[in-house]
Amino acid sequence: MPLPSPDLTIDRDAVLWSASERDRADRPLLVLMHGYASDEADLFGISAYLPLEPVIASVRAPIPEGPGFAWFSRFTNVPGDPLATNADAAARAVLEWLDEQPPTPTGLLGFSQGGALALQLLRLSPERFDYAVQLSGFAVQGEQPGDARLAERRPPVFWGRGTLDEAIPATSIARTTEWLPGHSALDARIYEGMGHAISSRELADISAFIRPNLPGGR
């Protein structure tokens, strides 16, 4: 029997926005989700390297852990391989927060745990997002009701990882390698000599990936 999902909530006051509420009107949204034991300020630093068109919202994970926050706790999951119920709870918290935002084309960008969450959001709400950027992350174990629709819709997904990244278990990488091609229009990049990090070369590739997936993008 599946374990019950924890009840998680996004801290609305902690969200970092790249534009004032007035300046967000009629612009697409890009949601950033940081990695384990980090916070909303971490990924927000890459905003200057991304296309200017989207409004960027960097969200804080809901579980206090270590020096920062987590989307799923290492105390209730195998590191790098969370239970689907826990990933679902974090994804639902983000979806509830998004329900409060004006409807607009929306993309996702996550690092490590945040990258896993980006894919989980696609799986829980396959019609809602225009694209996803998954950095040094993985697909969560198990099946989701939205998987079949993703296999039909095949939204654009960028998956970047380094050859020296030892943070994510090989089993999670193998599962992701098998799952993503059948559920997305995949742009997979492997960066020689990069660990569990984001490189300048990868940032350039991310920007080039996002641009044509924006409204009117080329």
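For every chain, the first residue of the written sequence is number 1, and numbering continues from 1 along that sequence. The predicted origin of the model limits local features to residues at a pLDDT of at least 70 and limits the giving and counting of side-chain atom pairs to 80 or more, whereas totals for whole chains, interfaces and linings rest on all residues. Processing note: side-chain calculations cover all non-hydrogen atoms of the structure and skip hydrogens and water entirely.

Colleague: So what about the pairing of strand β7 (residues 131-135)? Which residues, and what values?
Modeller: Burial analysis of β7 places five of its five residues in the buried class, which makes it a mostly covered element. The side-chain alternation of β7 yields two buried faces, one formed by Tyr-131, Val-133 and Leu-135 and the other by Ala-132 and Gln-134. When DSSP locates at least two bridges between a pair of strands, those strands are taken to pair. Runs of H or I in DSSP of at least four residues are treated as helices and runs of E of at least two as strands, each being numbered from the N terminus. As paired strands, strand β6 (residues 106-111) and β7 are joined by five bridges and run parallel to one another. If you follow Leu-108 over to β7, its bridge partner there is Ala-132. By convention, orient the strands away from the viewer: a clockwise path from the first strand over the helix to the second makes the crossover right-handed. A crossover links β7 with its parallel partner strand β8 (residues 156-162), the connecting element being helix α4 (residues 147-153), and its sense is right-handed. Only protein chains enter the area calculation, which uses a 1.4 Å probe; residues under 20% of their type maximum are buried, those over 50% are exposed, and those in between are partly exposed.

Colleague: Lay out the side chain of Gln-144 with the relevant residues and their values.
Modeller: By the secondary structure assignment, Gln-144 is in the loop between β7 and α4. Here the side chain of Gln-144 touches Asp-88 through a polar contact of 2.9 Å, side chain to side chain. Only heavy atoms matter for contacts: two residues are in contact if any of them lie within 4.5 Å across the pair. Setting aside residues no more than four positions away along its own chain, Gln-144 makes contact with Ala-84, Asp-88, Gln-120, Arg-123 and Leu-124. Think of a polar contact as two N or O atoms within 3.5 Å of one another; within protein, one of them needs to be a possible hydrogen donor and the other a possible acceptor, and neighboring residues in sequence only count if both atoms come from side chains.

Colleague: Give a description of the packing of aromatic side chains that names residues and reports values.
Modeller: Two rings from Phe, Tyr or Trp (for Trp, the six-membered ring) form a pair when their centres sit within 6.5 Å of each other. Planes less than 30 degrees apart are called stacked, planes more than 60 degrees apart edge-to-face, and all others tilted. This structure, assessed with the given rule, holds three aromatic pairs. Considering the side-chain rings of Tyr-131 and Phe-209, the 6.2 Å spacing of their centres and the 80° angle between planes classify their relative orientation as edge-to-face. Remark: Phe-209 occurs in helix α6 (residues 200-210) and Tyr-131 occurs in strand β7; sequence separation between them is 78 residues. Neither residue differs from the other here; Tyr-131 and Phe-209 are each classed as buried. Owing to a relative accessible area of 7%, Phe-209 belongs among the buried residues under this scheme. Aromatic ring contacts, followed pair by pair, group Tyr-131, Phe-158 and Phe-209 into a single cluster. Lysine NZ or arginine CZ positioned within 6 Å of the ring centre and within 35 degrees of the ring normal marks a charge as sitting over the ring. Stacked on the ring of Trp-17, the Lys or Arg Arg-24 has its end atom at 3.7 Å from the ring centre. Note that Arg-161 overlies the ring of Trp-159, its terminal NZ or CZ placed 5.0 Å from the centroid.

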